[in-house]
Amino acid sequence: WEGGVRAPTIAWWPGRIPAGTSNAAITGMFDLHPTFAQFAGAKLPDRKLDGLDLSPLLLGVDGAKGHEEFLYYRGMTLEAVRVGRWKLMLEGANAPFRAKQPKKEAPQRLYDLEADIAESADVAASHPDIVRQLLARVAAAARQQAFTTLGTCSADTKAAAAANNAAPSFRSAI
């Protein structure tokens, strides 16, 4: 379900990248463009990029961070959001994979990745405040990106988005 977020990266640059270091920052392939541009001294395009310059992380700068949140898309459909230890899967997420599973799922599924890396226990019912906070981030993402669509959404997800003044379009993820 993580879509390569936990894929390891090995970086080697003697004299620049501190040897024997590691971190658990959330990063992605889209971060390579701004990072390599920084190292090369190149100017980035004059438009919003999804990626971050990871050079502070790679160079061992104190306090350097990756993404605070990570949005999971399948094509143009937003399927999940991750913030720290929490990952909220939206209704309809991973529909092609789950099509073979007859079990009806909750509109949103919340996973505590520190306690359950396999995403096997939905803890949404015991953490409704976290679900609300992550749904607010989904709504904010929808407002920021006009092209964002949410997967097949329940009335609860639509209501949460509306409560946060979002105006996303909803379409099926299937």
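Residues numbered from 1 in each chain as written. Predicted model: local features only at pLDDT ≥ 70, side-chain atom pairs only at ≥ 80, totals over all residues. Heavy atoms only, no water.

S.K.: Which residues make up helix α1 (residues 32-40), and what values do they have?
M.R.: Along α1, the positions that sit buried rather than exposed are P34, T35 and A37. Take α1 and look down its axis: the buried residues cluster within an arc of 165°, on one side only. For α1, exposure combined with an orientation more than 90 degrees from the buried face picks out F36 and A40. For α1, the secondary structure elements touched by its buried residues are α2 (55-58). (Buried < 20%, exposed > 50% of the residue type's maximum accessible area, 1.4 Å probe, protein only. Helix = DSSP H or I, 4+ residues; strand = E, 2+ residues; numbered from the N terminus. Arc of directions from axis to C-beta. Contact = heavy atoms within 4.5 Å.)

S.K.: Can you break down the packing of aromatic side chains residue by residue, with the values?
M.R.: This model, assessed by the stated rule, comprises three aromatic pairs. When the centroid spacing of 4.9 Å and the interplanar angle of 85° are considered together, the rings of W13 and F39 count as edge-to-face. Taken together, the residues W13 in the segment before α1 and F39 in helix α1 connect sequence positions 26 residues apart. On the basis of relative accessible area, F39 is assigned to the partly exposed category, the value being 27%. Relative to F70, the ring of F30 lies with its centre 5.9 Å away and its plane at 25°, an arrangement referred to as stacked. Of this pair, F30 sits in the segment before α1 while F70 sits in strand β1 (residues 69-74), placing them 40 residues apart in sequence. Since its relative accessible area comes to 35%, F30 is described here as partly exposed. Stacked on the ring of W13, the Lys or Arg R16 has its end atom at 4.5 Å from the ring centre. (Phe/Tyr/Trp six-rings, centres within 6.5 Å; stacked < 30°, edge-to-face > 60°. Lys NZ or Arg CZ within 6 Å of the ring centre and 35° of its normal.)

S.K.: Before we move on, can you summarise the environment of V123 with the specific residues and values?
M.R.: Position of V123 relative to the elements: it lies in the loop between β4 (108-112) and α4 (128-144). Here the alpha-carbon distance between V123 and Y111, two residues twelve residues apart in the chain, equals 6.0 Å. Each residue touching V123, except ones within four places of it in the same chain, is listed here: W86, L110, Y111 and D112.

S.K.: Hey, could you go over unusual backbone geometry for me, with residue numbers and the actual values?
M.R.: At E119, a residue that is not glycine, the phi angle is positive and equals roughly 55°. Within the secondary structure layout, E119 lies in the loop between β4 and α4.

S.K.: Would you mind going over the side chain of R109 in detail, with residue names and values included?
M.R.: With respect to the secondary-structure elements, R109 resides in strand β4. In terms of polar contacts, R109 uses its side chain to reach the side chain of Y111, at 3.4 Å. (Polar contact = N/O pair within 3.5 Å; in protein donor to acceptor, adjacent residues only side chain to side chain.)

S.K.: Could you give an account of the confidence of the model for the chain, with specific residues and numbers?
M.R.: Across the chain, the average pLDDT comes to 79, with 71% of residues at or above 70. Of the regions scoring below 50 in pLDDT, residues 146-152 engages in 32 contacts with residues more than four places distant in sequence or in other chains. The low-confidence segment residues 165-174, where pLDDT is below 50, has 29 contacts with residues more than four positions distant or belonging to other chains. (pLDDT = per-residue confidence, 0-100.)

S.K.: Tell me about the pairing of strand β3 (residues 86-90), and please be specific about residues and values.
M.R.: Where burial is concerned, most of β3 is hidden: five out of the five residues are buried. Burial along β3 is two-sided: W86, L88 and L90 and K87 and M89, pointing in opposite directions, are all buried. Counting the residues that bridge the hairpin from strand β2 (residues 77-83) to β3 gives two residues, and of these G84 lies at a positive phi of roughly 60°. Here β3 pairs with β4 via five bridges, running antiparallel. Paired with L88 across the bridge in β4 is L110. (Pairing = 2+ DSSP bridges.)

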